[in-house]
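Structural characterization, general
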Amino acid sequence: MGALEPQATAQHSYPPTFLWGTALSAHQVEGKTGGGENADWYPFEHTPGKIYNNDTADLATDHWNRYPGDLQLAAAIGVNTIRTSVAWEKIEPAAGEFSGDVIEHYRAEFTYLKQLGLRPMITLLHGTVPLWFQNRGGWLAADSPQQFAAYVRFVVSNLGDLCDLWVTVNEPMVLVGLGYLEGSIPPQIASPESAILAAWNLVRAHRLATATIHELQPVPQPNSSGNPLRGVGLVNSLDLYQPYNKLNPLDDLVTAIYVELSNWAFPKAAVYGNFEMHDILGQLLGKKLSLPTGSLDIPAAHGSPVLDWIGVNYYTLWLVQYNLGSLPVLKVPPSLAAQTTDIGRAIYPAGTEQILRDTAAQFPKIPLVMTENGVSDRADKFRPQFIRDSLHYLDLAKFGHNGLPGVDIRGYYHWTLTDDFEWQYGYFSQYGLIQILRDQNLERVPRTSAAVYCQEISARLPQGATPVNCSAIQQLKSAP
Ligand code: BGC
């Protein structure tokens, strides 16, 4: 651990209802106890060559057993909320069969979380689906929205007294892009037609799940900014994209199309009902793709607002280069290439303000939450400054400056609480405010960044709020 960094000097006081949090996800931390072998990622991870170093999530951080210590560490950082997920494959290990034991486990975890004064935000689908769902066609199956909604109904009926902030799907376009278009993650399908159909069914699934949650847990409208944010969000991967060569009209054009595909096509279809992804992807690939048949609207979803807020996962800035007849090539901007994250991503905290403004422009009047933001940095070399800078740009977006208006932002979640299983990067890629010593019985050791995040939050609390002792974090370690 380095020395504690100087105190933050934020100028802005955020409302007491602002969500200050860290984000994590079930498959990335829990380990397979409880039924992880029922996930579509389980056979994938056990196929040699798929994951860096052939790591698997079988143990992950053993959060399933160690959640009390992890949540205590989170509380010590001064956050007031945790964004986490529940594992569909553990809750519904076979179609229509729900596990009472697993729900009891989550009830105990979320009850404890609330006892610590933290508010849960629960993602219903983050990365993995049950193998039985995959074997029935996954998101290509016409009734996949109904299958998902049945699981959502079970979860919200059983956990609804503990949670009123839900995310339907995390980063649907990452799932569509990598799982159905590129084929590099489960279900490993590489077909533009399948990608379009999967996106179509995911939009329908989001809408039906949202209606199901609203039926069980009505949300007062409008979700005005004085009250704590409630209800259902859709969380999108929203990175920034600029043309590789601004003087090349092809780079310029392809960037505009690519940003539409990656960032906006899905949430626009979910919110406004205009599905255009087949046209957009068709333009990039130079081929005609058809609109799936049927309707985006599911009668059961009629009358329910399609969401209550939008989640923004922002990580980096890419330059986009035209690539004839194929998806464009993404490059790290040369001006940022000298200092990249451990997985070679550009570090660009100024993008926090820009992506929030861009999202607000696409979805005026809908509250925003930054649901993920972080850096892969095992040495914690860049993260402390990244946190300070990112929150500075969050201030600029939220409160406005130089004639730019403030944006309706309700929360910021840093990815992630502890190091975790980072999908194809295994345990190599480390995003944690808290380090996990994998060769020392998964001991938890707070990084300097944990104290810095604590200070930055404290500096933004309203006057009169109970101060947090941020220097105490560095002394904390989990019991081995
Ligand atoms: C995902 C996380 C992931 C993180 C860092 C996001 O795309 O939601 O599951 O670990 O980025 O790569």
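Higher on the page you've got the structure.
Since this is a predicted model, take the numbers as computed values, not measurements.

Regarding the site of the ligand
Taken together, the neighbourhood of the ligand is formed by Gln28, His126, Asn170, Glu171, Tyr315, Glu372, Trp415, Glu422, Trp423 and Tyr431. Asn170 is positioned such that a nitrogen or oxygen atom in its side chain is 2.9 Å from an oxygen atom of the ligand. At a separation of 3.4 Å, an oxygen atom of the ligand approaches a polar side-chain atom of Tyr315. Coverage of the ligand by the protein amounts to 86% of the 310 Å² it exposes when considered alone. Residue composition of the shell around the ligand, by class: 4 nonpolar, 3 polar and 3 charged.

Digging into the state of the cysteines
As enumerated under the stated definition, the model contains 1 disulfide in all. Shown here is the disulfide that connects Cys454 with Cys470, its sulfur atoms set 2.1 Å apart. The sign of the S-S torsion, about -75°, decides the handedness of the disulfide formed by Cys454 and Cys470: left-handed. Here Cys454 is found in helix H14 (residues 448–458), whereas its partner Cys470 is found in the segment after H14, with 16 residues between them in sequence. Exposure class is identical for Cys454 and Cys470. Each is buried.

Here we look at the sheet that holds strand E5 (residues 231–237)
Strand pairing in a sheet is mediated by backbone hydrogen bonds. Such pairs are either parallel or antiparallel. Taken together, the 8 strands give a closed barrel; going around it, the order is E1-E2-E3-E4-E5-E7-E10-E11, and neighbouring strands pair in parallel fashion. Sheet twist, expressed as the mean angle between neighbouring strand axes with direction ignored, is 25°. Pairing between strand E1 (residues 19–23) and strand E11 (residues 409–415): 5 bridges, direction parallel. Across the sheet, residue Leu19 finds its bridge partner in E11, namely Gly411. Helix-sheet contacts for helix H7 (residues 144–159) involve strand E3 (119–125) and strand E4 (165–170), and the interaxial angle to E3 is about 160°.

Observations regarding the pattern of salt bridges
For the coordinates displayed, the defined rule picks out 17 salt bridges. Here Lys268 makes a salt bridge to Glu260, at a shortest N to O gap of 2.7 Å. Among the ionic pairs, Asp408 bridges to Arg410, the shortest N-O distance being 2.6 Å. In this structure Arg410 comes out as buried when scored by relative accessible area, which is 7%. Look at the salt bridges and you will find they share partners, linking Arg119, Asp164 and Arg230 into a network.

Brief notes about a nonpolar patch on the surface
On the surface, a nonpolar cluster with roughly 310 Å² of combined accessible area is contributed by Leu250, Tyr322 and Leu324. Its place among the elements puts Leu250 in helix H10 (residues 249–272). By relative accessible area, which is 38% here, Leu250 ends up partly exposed.

Some details on unusual backbone geometry
Cis geometry is found at the peptide bond from Pro186 to Pro187, where omega equals 10°. Structurally, Pro187 can be placed in the loop between helix H8 (172–182) and helix H9 (192–216). Here the bond from Trp415 into Thr416 is cis, since omega is 10°, no more than 30 degrees from zero. Here Thr416 is to be found in the loop between E11 and strand E12 (434–437). Unusually for a residue other than glycine, Asn53 sits at a positive phi of about 65°. Locating Asn53 in the fold gives a position in the loop between helix H2 (41–45) and helix H3 (63–77). Judged by relative accessible area, Asn53 falls into the exposed class, the value being 60%.

Some details on the sheet that holds strand E6 (residues 240–243)
Sheet architecture is open: 3 strands sit in the order E6-E8-E9, paired in mixed fashion. Each end of this open sheet is capped by a strand with a single partner; those strands are E6 and strand E9 (329–331). Strand-to-strand twist of the sheet, defined as the mean angle between neighbouring strand axes without regard to direction, takes the value 40°. Sheet analysis places E6 next to strand E8 (residues 317–321), joined by 4 bridges and oriented parallel. The residue of E8 that forms the bridge with Tyr241 is Trp318.

Here we look at helix H11 (residues 277–285)
Burial within H11 is extensive, with 7 of its 9 residues counted as buried. Listing the buried residues of H11 in full gives Met277, His278, Ile280, Leu281, Gly282, Leu284 and Leu285. Packed against the buried residues of H11 are H8, H9 and H10. Once H11 ends, the next one or two residues include Gly286, with phi positive near 65°.

Overview of the packing of aromatic side chains
In total, this model carries 27 aromatic pairs according to the counting rule given. Each ring, one from Trp88 and one from Trp132, has its centre 5.9 Å from the other, and the planes form 90°; the classification is edge-to-face. In this pair, Trp88 is assigned in helix H4 (residues 88–91) and Trp132 in helix H6 (residues 131–135), connecting sequence segments 44 residues apart. Taken as a pair, Trp88 and Trp132 share a single burial class, namely buried. Ring pairs connect the aromatic residues Trp88, Trp132, Phe133, Trp139, Phe148 and Tyr151, which therefore count as one cluster. One cation-aromatic arrangement involves Lys331 over Tyr244; the distance from NZ or CZ to the ring centre is 4.7 Å. The ring of Tyr427 carries Arg438 above its face, with NZ or CZ at 3.5 Å from the centroid.

Here's the deal with the packing of H9 against H11
Interaxial distance between H9 and H11 falls to 10 Å at its minimum, and their mutual angle equals 155°. What the angle tells us is that H9 and H11 run roughly antiparallel. The way H9 lies across H11 gives a crossing that is right-handed. Between H9 and H11, the residues in contact are Pro192, Ile196 and Ala199 and Met277, His278, Leu281 and Leu285, respectively. Tallied by class, the residues present in the contact of H9 with H11 amount to 6 nonpolar, 1 polar and no charged.

Definitions and cut-offs
Residues numbered from 1 in each chain as written. Predicted model: local features only at pLDDT ≥ 70, side-chain atom pairs only at ≥ 80, totals over all residues. Heavy atoms only, no water. Near = heavy atom within 4 Å. Polar contact = N/O pair within 3.5 Å; in protein donor to acceptor, adjacent residues only side chain to side chain. Areas by Shrake-Rupley, 256 points an atom, 1.4 Å probe, with all protein chains shown as cover. Nonpolar A, V, L, I, M, F, W, Y, C, P; charged D, E, K, R; others polar. Disulfide = S-S within 2.5 Å. Helix = DSSP H or I, 4+ residues; strand = E, 2+ residues; numbered from the N terminus. Buried < 20%, exposed > 50% of the residue type's maximum accessible area, 1.4 Å probe, protein only. Pairing = 2+ DSSP bridges. Axes fitted to C-alpha atoms, helices over the stretch in contact; angles between N-to-C directions. Contact = heavy atoms within 4.5 Å. Salt bridge = Lys/Arg side-chain N within 4 Å of Asp/Glu carboxyl O. Patch = residues over 30% accessible without salt bridge, like charges linked within 9 Å, V, L, I, M, F, W, Y side chains within 5 Å. Phe/Tyr/Trp six-rings, centres within 6.5 Å; stacked < 30°, edge-to-face > 60°. Lys NZ or Arg CZ within 6 Å of the ring centre and 35° of its normal. Parallel < 35°, antiparallel > 145°, perpendicular 65-115°, else oblique. Left-handed = near helix turned anticlockwise from the far one by under 90°.

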